[in-house]
Protein chains: 2
Amino acid sequence: MTATIKDVAKKAGTSTATVSKVMNGSYSISQATIDKVMQAMEELNYHPNLRAKNFAKQSTKTVIFVTSIGKEAGFSNPHMFEIMCGLEHALSEKGYALIVKNISEEKACEYIKNAVETKQVDGFVIHASVISVKLDELIFQMSIPHLVIGNPNFSSHFCWIDIDNKLAGELAAKHLLEKGYQSLAFIGGREEDKISMHRLQGVLSVLNEHDVIVPKNYVQHGESDCDSGYAMAELVLNQSEKPDAIICANNYIAYGCVSALHDKEIQIPNEIGVVTFDDYPFSKILKPMLTVIDIDVFDMGVQAGKYILQKIRKPNLYVQSYITFPTLIIREST
Amino acid sequence: MTATIKDVAKKAGTSTATVSKVMNGSYSISQATIDKVMQAMEELNYHPNLRAKNFAKQSTKTVIFVTSIGKEAGFSNPHMFEIMCGLEHALSEKGYALIVKNISEEKACEYIKNAVETKQVDGFVIHASVISVKLDELIFQMSIPHLVIGNPNFSSHFCWIDIDNKLAGELAAKHLLEKGYQSLAFIGGREEDKISMHRLQGVLSVLNEHDVIVPKNYVQHGESDCDSGYAMAELVLNQSEKPDAIICANNYIAYGCVSALHDKEIQIPNEIGVVTFDDYPFSKILKPMLTVIDIDVFDMGVQAGKYILQKIRKPNLYVQSYITFPTLIIREST
DNA sequence: TCTATTTAGGTAACCGTTTTCCCTGTTTTT
DNA sequence: AAAAACAGGGAAAACGGTTACCTAAATAGA
């Protein structure tokens, strides 16, 4: 069997209390005793049982990441894994472990409640895809240390952080104006799609600031997929006055848009510039390679990790904010 | 404070042993006592402390998934998250939790050693991206319950499961032959790339079986990216005798290949058919949509989870096998 | 009816740490 | 020189369960 603290104490000729004190520092122990204990630990190849330690200290040193395997255009969200890695990175720095739980929105409440009641965890990082009003109430009532990744689309008590999509929209618009484009169109997802709408808001606020007027038909809403992107691009291009740049709310829409321009033999970026959001693989592959507003999602995970650790220490901390900032990656399409 | 087993025992007028027995079933307890205990638990809103339980039982009910955030064509591996979700699914069915650890190959050894020594875990699922000869020795010496996802490319003691890429290659070739294509070309990654080479092996074995002769120039190796796919396609197409179908070792190569065919105004699938592997987003988006040999990676995670649980129960179990099977998704390119 | 077996439930040790007290002896202060 | 402060370290309770062992009563078998 592996050595325990008792074995070490016996070998060193001390009590277990002393051994514990040596390990945890900040007690007054003579150098001689420290040496004896250290040597005993060495000889026995002793490693303290972390489970026992956490149990004794009544802490778990664990955070749970609750998420659902979001399918986006039939493909699992490529951001999820990177967010998680960022989270893990921040937590492990402070000796915390990250447990992952993939679960549906309906079952999330029960799971979280149980995990808290059975003392499995110090706090939760919850992806917006699994939140609900019911969960909000639960977390509020039990005052569970938590952080939601993503902006809830209902009023809630949640603490959350999110990508600043409005800022992303602003960046896109500013970039185009700086490049000399003068009349911008926006083709987006549904009007209920918060991400798409925030990006649009950002675009419009910049245009407004620069006194650029946006004709109604230059803003289109549809599905967040390729075909819809194609269709919306056609709508925009069939006007008597064509725009000279198009902002696409996401990569899939952008792909459709580029196809449409291609079919109409319109040159990118000379006749029309194209910008989109998120640096998914095919933004680099497409001809022309797309100029993109990217998000460092790993960093978002890191931020989330730092926050939840703070929250665990000071439970009355409160945050709701756009904390992760988009950056511009200029490629060939502008 | 939350209620403990002692509180329940006191309230029910029994001993803690009895309460424990009621909770864990399979002991002889009278119905009357069971009712008393259950009621006490109810009234106190008692939930057993899982940490204490695991500690007492000397088990952790935890598996760690060790991985490194693999970048593939500069983009994090889209499979990783789904594998992990599959894993989590299988583990949670048996009451196990999944801890994720993102770490570099160099640091993986130390991490795993420490996690074992400090009794944090019952077993490991390790992604092939973090294994090394050193790790092999460590795991062998300490006989740590483990399972590697992916085939190690050196001889080792590891237990592993992997996708059957040879079978995938066979499926691709068979499909093309069935569709009436007669001379197949293969454009792949580097010759050191095991995945690409396995797929090629599968292709060749089927062609051999059907007595189809493959000219040397019909098999090309290059990088696993778009540009290389374009270049290799050109090489294959500039022969005097053109093939009538091309198998691309992955999605990126396929994209380059399709571009090349497009530029040469060769019709897909009429003049030339195209097949590739893995159902990444743009296989559905590309015109024409690509016929693809897909892998259910979620299921691979599930298999891995089931296996590691078995291995934890019976430590002398041993497995090295191709356990996850590819399936054909027919789209427009064949 | 008497013994053997089963059933029901309690006692207390145990899992491996931490931590609170407390004691002893030495040093410092007055 | 007496009192106070302090450094060093041990004893034992605590964390919240499980479980081996034991006893008494109930039941079964003869």
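To start, this report covers the structure provided alongside it. These numbers were taken from a predicted model, which means no experiment stands behind them. (Residues numbered from 1 in each chain as written. Chains lettered and ligands numbered in written order. Predicted model: local features only at pLDDT ≥ 70, side-chain atom pairs only at ≥ 80, totals over all residues.)

1. Looking at the overall build of chain A
Rule in force here: Helix and strand definitions here come from DSSP, where helices need a minimum of 4 consecutive H or I residues and strands a minimum of 2 consecutive E residues; each element is numbered from the N-terminal end. The globule rule used here is 2.2 Å times the number of residues to the 0.38 power, and the radius of gyration it is set against is calculated over C-alpha atoms. Exposure in this text rests on C-beta crowding, where 20 or more other C-beta atoms within 10 Å of a residue's own make it buried, 12 or fewer make it exposed, and counts in between make it partly exposed. The C-beta atoms are placed from the backbone. Residues are defined as contacting one another if the C-beta atoms placed from their backbone atoms lie within 7 Å.
Tallying secondary structure elements over chain A gives 13 helices and 14 strands in all. Here the C-alpha atoms of chain A give a radius of gyration of 27 Å, more than 25% beyond the 20 Å that 2.2 N^0.38 yields for 334 residues. The dimensions of chain A, computed from C-alpha atoms along their principal axes, are 90 × 40 × 35 Å. Expressed as a percentage of its 334 residues, the buried residues of chain A come to 48%. Pairs at least 24 apart in sequence give 70% of the contacts found in chain A among residues at least 6 apart.

2. Notes on the protein's contact with DNA strand D
Keep this limit in mind: Placing a C-beta atom from the backbone of each residue, we mark the residue near a molecule or strand if the atom is within 6 Å of it. Any residue outside Ala, Val, Leu, Ile, Met, Phe, Trp, Tyr, Cys, Pro, Asp, Glu, Lys and Arg is labelled polar, Gly included; the first ten of those are nonpolar and the last four are charged.
Around DNA strand D, the structure places 27 residues, and the nearest of them are A:Ala17, A:Ser28, B:Ile5, B:Ala17 and B:Ser20. Breaking the surface near DNA strand D down by element, the ones donating at least two residues are helix H2 (16–24) and helix H4 (50–57) of chain A together with helix H2 (16–24) and helix H4 (50–57) of chain B. Residue contributions to the surface near DNA strand D peak at 6 residues, all from H2(B). The residue inventory of the surface near DNA strand D, partitioned by class, reads 11 nonpolar, 13 polar and 3 charged.

3. Here's the deal with the nonpolar core
So the rule is basically this: Any nonpolar core is a set of buried residues, restricted to Ala, Val, Leu, Ile, Met, Phe, Trp, Tyr and Cys, that join up through C-beta atoms within 7 Å.
The biggest cluster of nonpolar side chains holds 96 residues, and the ones touching the most others in it are A:Val63, A:Leu98, A:Val125, B:Val63, B:Leu98 and B:Val125. Non-local contacts of B:Val125, meaning those with residues more than four positions away in its chain, are made with B:Val63, B:Phe65, B:Leu87, B:Leu147, B:Ile149, B:Ala304 and B:Ile308. In terms of nonpolar packing, the next biggest core, distinct from the first, is built from 90 residues, B:Ala168, B:Leu200, B:Leu261 and B:Phe277 among them.

4. Remarks on the interface of chain A and chain B
Tallying the contact residues gives 37 residues for chain A and 37 residues for chain B. Elements with a contribution of two residues or more to the side of chain A that touches chain B: H4, strand S3 (75–76), helix H5 (78–93), strand S4 (97–102) and helix H12 (281–285) of chain A. At 8 residues, the largest contribution of residues to the side of chain A that touches chain B is made by H5(A). By residue class, the composition of the side of chain A that touches chain B is 21 nonpolar, 10 polar and 6 charged.

5. Considering the sheet that holds strand S9 (residues 219–221) of chain B
Residues and elements named next belong to chain B. We count it as follows: Two strands form a pair only when DSSP identifies at least two bridges running between them. Axes here mean lines fitted to C-alpha atoms, for a helix over just the part in contact, with angles spanning 0 to 180 degrees between N-to-C directions.
Taken in spatial order, the 6 strands line up as S9-S8-S10-S11-S12-S14 in an open sheet, and their pairing is mixed. On the outer flanks of this sheet lie S9 and strand S14 (326–329), each paired with one strand and no other. In this sheet, adjacent strand axes meet at a mean angle of 15° when their direction is disregarded. When strand S10 (residues 245–248) meets strand S11 (residues 273–277), the two strands line up parallel, connected through 3 bridges. Across the sheet, residue Ile-246 finds its bridge partner in S11, namely Val-274. Across the face of the sheet, helix H9 (residues 194–209) comes into contact with strand S8 (184–188), S9, S10 and S11 while running at roughly 170° to S8.

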